[in-house]
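# Tertiary structure, described
One letter stands for each residue in the lines below.
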Amino acid sequence: MIHEASWMAVLVFVFFAGVVLAISFYLGAKAKSAKGYFAAGGNIHWAVNGIAFAGDYLSAASFLGICGMIAFYGYDGFLYSIGFLGGWIVALLIVAEPLKRLGRYTFADALDNKFNSRAIKLTAAISTLVVSIFYLIPQMVGAGALVQPLLGFPHAVGVIVVGLLVTMIVVTAGMVSTTWVQFIKGTLLVLLCAIISVMILFRGVTTKPTDAAGKELRILQRGVQEAEVTGKLGVTVLPEDGTWVGKPYLRVQNTAGVVSVWRKDVNGLLSEAQTLTVLKDGKKLANGLPRGKNKGEGDLLPVGYASKLPGGVEKTGPLGPFAFLRTMQDSEVIQWSSEKIAEAGGGVTTVYFQKPTHGGDFMVPGSSPMFKKVRGEKFFDKLDFLSLMLALFCGTASLPHILIRYYTVKDQVSARKSTVIGIAAIAIFYVLTLYLGLGAMTSGTLDVTDSNMSAPLLARSFSEFLFAVISAVAFTTVLGTVSGLIMAASGAVAHDLMTNFMKLKMDEFQQVRAAKIAAACVGLLAIVLGILFAKINVGFLVGWAFNIAASANLPALVMLLFWKRTTKQGIAAAITVGMLSSLAWILLSAQAFRDVYGLNPADAIVPFSQPAIVTIPLGFLVLIVVSLLTPAQQSGPSPSSSAKQVQA
Amino acid sequence: MAGLDFKAPEAKEQECAIAVAHNTRLGVLMFVAYLALYGGFMALSAFWPEVMSRPFLGGANLAVVYGLALIVAAIAFALVYLNLCRKAK
């Protein structure tokens, strides 16, 4: 960690948290009825709902993850933006209106509208719970991971603070307070990103970045002759030993015993590398010195700068939005790769080395480790990419915490209008992330060990206050999404399972109480999972949630709307098969072998990692076959559905 | 806090099978059009990545222009759909 937490960030976050809690308690009195709790009484204004859609959807993964991926690898992060936004077109054009027309409080309501089937209620509720929990885990772990560098507290504190805050927000006023938290978060996020993007364009791109105080940052050396490094007084070249043998590195030790590492480039010259060593006893060395901020200690240097600009200039000056993108495309930037090397005496050194990359390479798909296979020749690698993009496209309109927002507005017109506002806000945000990411790439403040910190560190390159605000907003970002997820999960438990499936006799007050208890339990579960999964790479769980949502929910929803022969058995079977097949595929994939089991990914059972391209069609197929094999049912509204239902 | 308490006016829209059918058809047609745009982008990225790196508009490559166009198109589609959707009479 090359940066320190900011107390100003803590203060700004406490202020935000205080405001959202005050709103929650104020609105708590208005959420006594089931409709008030689950759907905010159906009285939320469409414009507020639209921004709340953005606040619900734009998770920490969207904000920090995409900015970080663009800052480290370029265009590939933007592919996620395109996929995430494309999913909203499915939500608007296919799902919004019928969902509002057919449903009441939850996704299961809409699916079950025609049939009043316990099997549909059960499978839809389980699917909602599975998707929500899968989505919840990375949000909670993300909260813990954020809190340390941003606010300076341990991981568990971040998880517990978010868990308790969100549980209080949801329990006090259900969907009403959730909506306002999401509205505030959505507004703050888009405005803040817009302000920083304008600042990036005014600053332009330079090969000599400075910090917020105007001090020029140290540029790590490149193109150095070996004799220049080894010929310095008192320098000793260390022999290649252990796993360093055959590696393209030169290690030199100075008179103080500090070891620095240089990488031998293909042109025979040396470039300065950075190292982070974790010793056997857990102590860390950064660039050969004990890691820390005190005297005699050191840390990794901040990186991220352009090495060549178009026309050979040192600085472009202010740029227009299009000129900025063109400049990045025609520039050369120093990106960083890493390699782990096991030390002979125990411990592991990670070497971070410079990789000059031309914009022509990083401003097109395939420059990141995640998507590099798209430039390969293997057909299955290309299918893997297409499958992920399909999951992003189809998953959005199947995420339960997004779908329940449709019940908070009064009618279909409002549902459409709020989706359009949501699309506009989310689209603007994703365009801004491209500028934020590319701005961070050349800001001179990147932490080579943590791409997620790119956006906050970019803000620090402008001012400490901006860093504090962006840190607090990033943390508030987690609150908005987690409250939506807990709301969806508690609705599935109290409304779908307890009231509709188990047929427990409860009046409105008891239903709301059950939902609040369910929300508190899910909140507690989220805290426990957030702490348990702390050490596991959980980033892929978001992708899993999209895959499972798309495979389990979309076929059932689409066929219910567009195929009159659909039967209740068909829907229940499609949800079950879609959910289980996508889950099984994921657990047998190379990604799970590598990231979850720590096994050789080449031993994976399925040919590529992302299941959507197989399991979504499978869900449709199962629904069609089972529906044809079961007797057609007379459609009629269930007791819980609205009497004004019209066949789509 | 009074500003948080505003309520949208009572529902005016009543269900109308003709309007629902029109809106559904419109939604599906526009969805297919956007899917073609999105699918084209993904197919180019997966199978013809070299095409994506070619300069396309004002010096910007096709990947940048097509990617931004998909985002602008999403807003445009949303606005067109909103305006063409029929309200029940």
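Everything numeric in this text was worked out from a predicted model, so none of it was measured.

## Things to note about the overall build of chain B
Counting its secondary structure elements, chain B contains 3 helices and 2 strands. Counted from the first residue to the last, chain B has its helices and strands arranged as α-α-β-β-α. Looking at chain B as a whole, 26% of its 89 residues are labelled buried. Long-range pairs, those at least 24 residues apart, make up 62% of the contacts in chain B between residues at least 6 apart in sequence.

## A closer look at the sheet that holds strand E2 (residues 249-253) of chain A
Strands belonging to one sheet form pairs held by backbone hydrogen bonds; the direction of such a pair is parallel or antiparallel. Residue and element names in this part refer to chain A. Pairing within the open sheet is antiparallel, and its 4 strands lie in the order E1-E2-E3-E4. One side of each edge strand has no neighbouring strand; the edge strands of this open sheet are strand E1 (236-237) and strand E4 (270-272). Bridge analysis of strand E3 (residues 259-264) against E4 gives 3 bridges, and the strand direction is antiparallel. Paired with Arg-263 across the bridge in E4 is Ser-271.

## Some remarks on the pairing of strand E9 (residues 332-342) of chain A
Residues and elements named next belong to chain A. Pairing between strand E8 (residues 306-308) and E9: 2 bridges, direction antiparallel. Bridge pairing in E9 places Lys-308 opposite Glu-332. The sheet contact formed by E9 and strand E10 (residues 348-358) spans 11 bridges and is antiparallel. In the strand pairing of E10, Ala-342 is matched with Val-348. Hairpin connection from E9 to E10: 5 residues lie between these consecutive antiparallel strands, with Gly-346 at a positive phi of about 95°.

## Comments concerning the packing of helix H7 (residues 118-151) of chain A against helix H16 (residues 464-501) of chain A
Residue and element names in this part refer to chain A. Viewed as axis vectors pointing N to C, H7 and H16 meet at an angle of 160°, and their least axial separation amounts to 8 Å. As summarised for this structure, H7 and H16 are arranged roughly antiparallel, according to the angle between their axes. Viewed along their axes, H7 and H16 form a crossing whose handedness is left-handed. For the contact of H7 with H16, the per-class residue count stands at 22 nonpolar, 7 polar and 3 charged.

## Some points on helix H21 (residues 612-629) of chain A
Given 3.6 residues to a turn, an α-helix orients residues that are three or four positions apart in the same direction. Residue and element names in this part refer to chain A. Compared with the 26 Å implied by 1.5 Å per residue over 18 residues, the 25 Å span of H21 between its first and last C-alpha is a close match. Along H21, the positions that sit buried rather than exposed are Ala-612, Thr-615, Ile-616, Gly-619, Val-622, Leu-623 and Ser-627. Across the axial projection of H21, the buried residues extend over an arc of 120°, all falling on one side. Opposite the buried face of H21, by more than 90 degrees, sit the exposed residues Leu-628 and Leu-629.

## Topic: the interface of chain A and chain B
Listed as interface residues are 49 residues of chain A and, on the opposing side, 43 residues of chain B. Only helix H1 (7-28), helix H5 (76-102), helix H10 (321-329), helix H12 (379-395) and helix H14 (412-441) of chain A provide two or more residues apiece to the side of chain A that touches chain B. The residue makeup of the side of chain A that touches chain B, split by class, is 32 nonpolar, 8 polar and 9 charged.

Criteria and cut-off values
- Residues numbered from 1 in each chain as written.
- Chains lettered and ligands numbered in written order.
- Predicted model: local features only at pLDDT ≥ 70, side-chain atom pairs only at ≥ 80, totals over all residues.
- Helix = DSSP H or I, 4+ residues; strand = E, 2+ residues; numbered from the N terminus.
- Buried ≥ 20, exposed ≤ 12 C-beta atoms within 10 Å, placed from the backbone.
- Contact = placed C-beta atoms within 7 Å.
- Pairing = 2+ DSSP bridges.
- Axes fitted to C-alpha atoms, helices over the stretch in contact; angles between N-to-C directions.
- Parallel < 35°, antiparallel > 145°, perpendicular 65-115°, else oblique.
- Left-handed = near helix turned anticlockwise from the far one by under 90°.
- Nonpolar A, V, L, I, M, F, W, Y, C, P; charged D, E, K, R; others polar.
- Expected span 1.5 Å × (residues − 1).
- Arc of directions from axis to C-beta.

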